[in-house]
Amino acid sequence: MFYLIGKSLKHSLSEQIHHKLSPINYRCLELDSLDEFFLRKDFAGLNVTIPYKEEVMKYLDSIDDKAKQIGAVNTVINSNGLLTGYNTDYDGFIGLLQRNEVNIKDKRVLVLGTGGSSKTVKQVCLDLSAQSISFCSRTNGENVFTYKEVEGLDFEIVINTTPNGMSPNNDDGLLLDINKFDSLETVIDLIYNPLSTKLLLSADINVKTINGLYMLVHQAYVAHKLFINRDISIKVVEAIYRNLLFENMNIVLIGMPMSGKSTYGKRISKRFNKQFIDSDDEIVKLEGKTIPELFEIGENHFRKVESKVINSFSRDHNQVIACGGGVIKNKKNIDSLRQHGIIIFLDKPLEELQKIDSLDRPLIKNKKSILDLYEERIDLYKKYSDYTLIDYKL
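A brief structural summary. Given the structure is predicted, the values throughout are model-derived calculations rather than measurements.

**Things to note about the sheet that holds strand S12 (residues 208–210)**
One open sheet holds the six strands; their spatial order is S9-S8-S7-S10-S11-S12, and the pairing between them is parallel. Here the strands that pair on one side only, and so sit at the sheet edges, are strand S9 (144–146) and S12. Each strand axis lies, on average, 20 degrees off the axis of its neighbour in the sheet, ignoring direction. Pairing geometry for strand S7 (residues 108–112) and strand S10 (residues 157–160), over four bridges, is parallel.

Set out below in structure tokens:
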């Protein structure tokens, strides 16, 4: 039997990945302590995650040279009772950098956190000839800045190795303002759930942002080869990564009232086997009132309920979310939707919108009100969308 051991594994994708690599018995196992588990040695191999990547080393009979150099282990092989530790995160992080064409050489790198993953990142950056590698944490120490202290410096690459912002704590406050680094080129967050953390979303538009999903798949690939003691084609890594990315991604539809978000969304959800969510329908279910009735209470009240619904469903995966026309009025809604979603603007021409019966729309009374809404919102739709569909069929 093979396991992933850690303390909080509810949202782990490791089981899916290893089962796609080859049919082995692999499952997640949450442990509060390691003593009894390692006393039994009732496993063939392990992956190890937060917070045990360093602690696990004391239970091992031998440690691979690279893992020893790093000072952290994330993979353990049991050979007739003898336990050997490896660090496949090292391979995974190099794979992540290569796939995203991130050049570490001669760059000033800032690493957030000082745990086991930070040690792996440090070794990779050393091996790839970074100009400098700095660390920061909530408390300072030898060669470690506090988050407040580090904001007065400048870096080209920032790498988060902490669990800050990881599901279910998506709304954790940011550790620091990365946009104070004038030379910033790339932000990497080793977290993969959500796909876009608050840290990644906070980066300026010209900064490259990368999550940890590919690293997760690549390190699992290397670990799996150790588990089964045979080679597997590297091509499977990209295939599994793309599959997991799409399975965990939400497709978010925005646009004017009557642009066909619900109709189009239902068709997309059926085509790609994703759950369909209509935010207005969910608001009605939650409040027990129709949309017009809620607007009679006041638009501010409606927008607060809308944000609550959007924040809730944005945390889930594999959905098509059809949003109300005014969802773009609150940037927090967009940030929530972007955690797992790509945002598509259904840009139905104004002249077609004005032909549609809109008597049930609380903000639309006549053709003039459609024009006013369109002019008020069009720039926001364009600003917040990743893609725009113009000539689409319903």
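**Considering the packing of aromatic side chains**
Tallied over the entire structure, the rule returns 12 aromatic pairs. Consider the rings of Tyr26 and Phe227, whose centres lie 6.3 Å apart with planes at 40 degrees: the pair is tilted. Of the two residues, Tyr26 sits in strand S2 (residues 26–30) while Phe227 sits in helix H8 (residues 213–228), which places them 201 residues apart along the sequence. Just as Tyr26 is buried, Phe227 falls in that class too. Grouping aromatic residues by their ring pairs yields a cluster made of Tyr3, Phe37, Phe38, Phe43 and Tyr59. Across the ring face of Phe246, the terminal group of Lys274 is positioned such that the distance to the ring centre comes to 4.3 Å.

**Focus: the pattern of salt bridges**
Evaluation of the coordinates by the stated rule reveals 21 salt bridges. Residues Lys53 and Asp89 are paired through a salt bridge, measuring 2.7 Å at the closest nitrogen-oxygen approach. Residue Lys53 is located in the loop between strand S3 (45–48) and strand S4 (62–63), and its partner Asp89 is located in helix H4 (residues 89–99); the two are separated by 36 residues in the primary sequence. The pair formed by Lys53 and Asp89 is uniform in burial state, with each residue classed as buried. Of the charged contacts in the structure, one is a salt bridge between Arg108 and Glu156, with a shortest N-O distance of 3.3 Å. Residue Arg108 is found in strand S7, and its partner Glu156 is found in the loop between helix H6 (147–150) and S10; the two are separated by 48 residues along the sequence. The class for Arg108 is partly exposed, based on a relative accessible area of 23%. Salt bridges sharing partners connect three or more residues here, namely Glu299, Arg303, Glu306, Lys329 and Glu376.

**Digging into the pairing of strand S6 (residues 82–86)**
In summary, the side chains of a regular strand alternate between the two faces of the sheet. The pairing of S4 with S6 spans two bridges and is classified as parallel. When the sheet's bridge partners are listed, Ile63 is paired in S6 with Gly85. Relative to S6, strand S5 (residues 75–79) runs antiparallel, the two being bridged by five bridges. Among the inter-strand pairings, Val76 is bridged to a residue of S6, identified as Gly85.

**A word on the environment of Ser385**
Tracing the chain through its elements places Ser385 in the loop between helix H16 (367–384) and strand S17 (387–389). Judged by its relative accessible area of 12%, Ser385 is buried. A C-alpha to C-alpha distance of 39 Å links Ser385 and Asn87, two positions 298 residues apart in sequence. When neighbours within four sequence positions are excluded, Ser385 is seen to be in contact with Ile254, Arg338, Ile343 and Phe345. Within the local environment of Ser385, its side chain forms a polar contact with the backbone oxygen of Tyr381, the two atoms lying 3.0 Å apart. A distance of 3.3 Å separates the side chain of Ser385 from the backbone oxygen of Lys382, its partner in a polar contact.

The rules behind these values
- Residues numbered from 1 in each chain as written.
- Predicted model: local features only at pLDDT ≥ 70, side-chain atom pairs only at ≥ 80, totals over all residues.
- Heavy atoms only, no water.
- Pairing = 2+ DSSP bridges.
- Helix = DSSP H or I, 4+ residues; strand = E, 2+ residues; numbered from the N terminus.
- Axes fitted to C-alpha atoms, helices over the stretch in contact; angles between N-to-C directions.
- Phe/Tyr/Trp six-rings, centres within 6.5 Å; stacked < 30°, edge-to-face > 60°.
- Buried < 20%, exposed > 50% of the residue type's maximum accessible area, 1.4 Å probe, protein only.
- Lys NZ or Arg CZ within 6 Å of the ring centre and 35° of its normal.
- Salt bridge = Lys/Arg side-chain N within 4 Å of Asp/Glu carboxyl O.
- Contact = heavy atoms within 4.5 Å.
- Polar contact = N/O pair within 3.5 Å; in protein donor to acceptor, adjacent residues only side chain to side chain.

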